[in-house]
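# Observations on the model geometry
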Amino acid sequence: MKKIIFSVISIFFSIFSIISQEFNSLSMVRLGPKDNALYDVYVIGDKSQSYTAKRWITPFEINRYETTYELWYDTLKIAEELGYKFINPGQEGSRGKRGAEPSGNAEQPVTMISWYDAVIWCNAFSEIHALTPCYTLNGKILKDATDTVSLDLCKCDFEADGYRLPTESEWEYASRKTLSGFQGGDTASGQVDRFGKEDTAIPEEEVAWTAFNSRGTQKVGTAGTPFKEDAQPMAGSGKANGMGLFDMSGNVCEFVWDWNGRYRDTEAGKRATGADSGKERVSRGGSFSEYTPFIYTGDRYSYDPNECYNYLGFRFARTVK
């Protein structure tokens, strides 16, 4: 009995630690329709893909930052006590030690995790915050990243209030949205002013960590700040895009929900969630790595959901009413 009570107290203080971090890597931005509209509309793949489609966006929140290793690690430790199981422990950015306690690079994005790990982490993060987990199979909440068959077949409850990966449509919307409209899919996120006016004088390296200006991951939200190895910028001190989101281009490539496939038009007002099945899950945004150099808002990559690399990470979203 004492052991159970101690475990509960330990989890409580761990949760409090996550919420009260000096740099709060949990910072959600609400996006979608305004002025009582039911949805916002845009064209996915515009100016970047040979095939495009209309998308109907309903209200959602997306994290301002890529998921940091510190947030990942603290949540994973609580999740394991709650019965969650992961394939990979993750690492601190591109050069960290797998599964190690957070160190001086804890505000870099978590990498070396698979799509399966990210989905299970989202379910755990939801439960820890007393929200309804989104990923289930036959009504059962999924807690085991090694059960890849169930995860390939799983459903995402987009009406649940828990944390989840953004859909590809939500991700591109968030990366291109400005106060006055949308930037083109052939630009890096934030490579226009906040009102949507394009300015070709803004170089990509001022809004994104890429293979041209970084040899690895950097602290989240620091692209565009003066950089020295011995005087690193503060997380969140860089240049955000039109909606206040950081690193939507560069740093790490980000997992989204969708199976890879051609864009297809959906019924007016219906959420697009990609193909029902496939072989690879989509990732977006490009990274610092020469293997993912395409960082424009309309660029796409896809990977087997088992794959993990030091340039792959994620950010989370959630549905709001």
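Here is what the cut-offs are and how they apply
- Per chain, residue numbering runs from 1 following the sequence as it is written.
- Note on the predicted model: pLDDT of at least 70 is required for a residue's local features to be given, and 80 or more for side-chain atom pairs to be given and counted; whole-chain, interface and lining totals, by contrast, use all residues.
- Values reported for side chains reflect all heavy atoms of the structure, with hydrogen atoms and water molecules removed beforehand.
- Classification of ring pairs uses Phe, Tyr and Trp, with its six-membered ring standing for Trp, and accepts pairs whose centres are within 6.5 Å; under 30 degrees between planes counts as stacked, over 60 as edge-to-face, and the remaining range as tilted.
- Burial classes follow relative accessibility: with a 1.4 Å probe on protein chains only, a residue under 20% of its type's maximum area counts as buried, one over 50% as exposed, and anything between as partly exposed.
- A ring is considered to have a charge above it if a Lys NZ or an Arg CZ atom is located within 6 Å of its centre and within 35 degrees of its normal.
- Secondary structure counts use DSSP, requiring at least four H or I residues in a row for a helix and at least two E residues in a row for a strand, with both numbered from the N terminus.
- By definition in these notes, contact holds between two residues if any of their heavy atoms fall within 4.5 Å.
- Two N or O atoms count as a polar contact when they lie within 3.5 Å, although within protein this holds only if one can serve as hydrogen donor and the other as acceptor, and sequence-adjacent residues are included solely when both atoms are side-chain atoms.
- Note: two strands are recorded as paired if DSSP finds a minimum of 2 bridges between them.
- Throughout this description, the term nonpolar core refers to a set of buried Ala, Val, Leu, Ile, Met, Phe, Trp, Tyr and Cys residues connected via side-chain atoms within 4.5 Å.
- On a scale of 0 to 100, pLDDT captures the predictor's confidence in every residue.

What follows concerns the packing of aromatic side chains. What the rule picks out here adds up to 26 aromatic pairs. Measuring from ring centre to ring centre gives 5.9 Å for Trp-115 and Tyr-116, while their planes differ by 80°; the resulting arrangement is edge-to-face. Side by side, Trp-115 and Tyr-116 carry an identical accessibility label, which is buried. Measuring from centroid to centroid gives 6.4 Å for Phe-294 and Tyr-301, while their planes differ by 20°, and the two rings are stacked. Taken together through their ring pairs, the aromatic side chains of Trp-72, Phe-86, Trp-121, Phe-125, Tyr-163, Phe-314 and Phe-316 make up a single cluster. Just above the ring of Phe-182 sits the side chain of Lys-177; from NZ or CZ to the centre is 4.7 Å. Lying across the ring of Trp-259, Arg-281 places its NZ or CZ 3.8 Å from the centre.

Within the secondary structure layout, Gly-250 lies in the loop between α5 (168–176) and β10 (253–259). Ignoring any residue separated from it by four or fewer positions in sequence, one finds Gly-250 in contact with Glu-66, Ala-208, Trp-209, Gly-285, Gly-286, Ser-287 and Ile-295.

The next thing to look at is the side chain of Arg-284. Locating Arg-284 in the fold gives a position in strand β11 (residues 281–284). On the basis of relative accessible area, Arg-284 is assigned to the buried category, the value being 0%. At 3.2 Å, the side chain of Arg-284 and the backbone oxygen of Asp-299 are in polar contact.

The pairing of strands in a sheet comes from backbone hydrogen bonds and takes either a parallel or an antiparallel form. One open sheet holds the 4 strands; their spatial order is β12-β11-β10-β13, and the pairing between them is mixed. With one partner strand each, in any of the chains shown, β12 (300–303) and β13 (312–313) form the two edges of the open sheet. Strand direction decides the pairing type here: β11 and β12, joined by 4 bridges, are antiparallel. Pairing of Arg-281 across the sheet is with Tyr-303, part of β12.

So, on to the nonpolar core. Grouped together as the largest cluster of nonpolar side chains are 42 residues, with contacts concentrated most on Trp-72, Trp-121, Tyr-135, Leu-165 and Phe-314. Element by element, the count of residues in this core is highest for helix α3 (residues 115–128), at 9 residues. With 19 residues, the next largest nonpolar core counts Tyr-51, Met-248, Val-256 and Tyr-263 among its residues.

Right, let's talk about the confidence of the model for the chain for a bit. Across the chain, the average pLDDT comes to 91, with 89% of residues at 70 or higher. Predicted confidence for residues 1–13 stays below pLDDT 50, and this span has 4 contacts to residues more than four positions away or in other chains.

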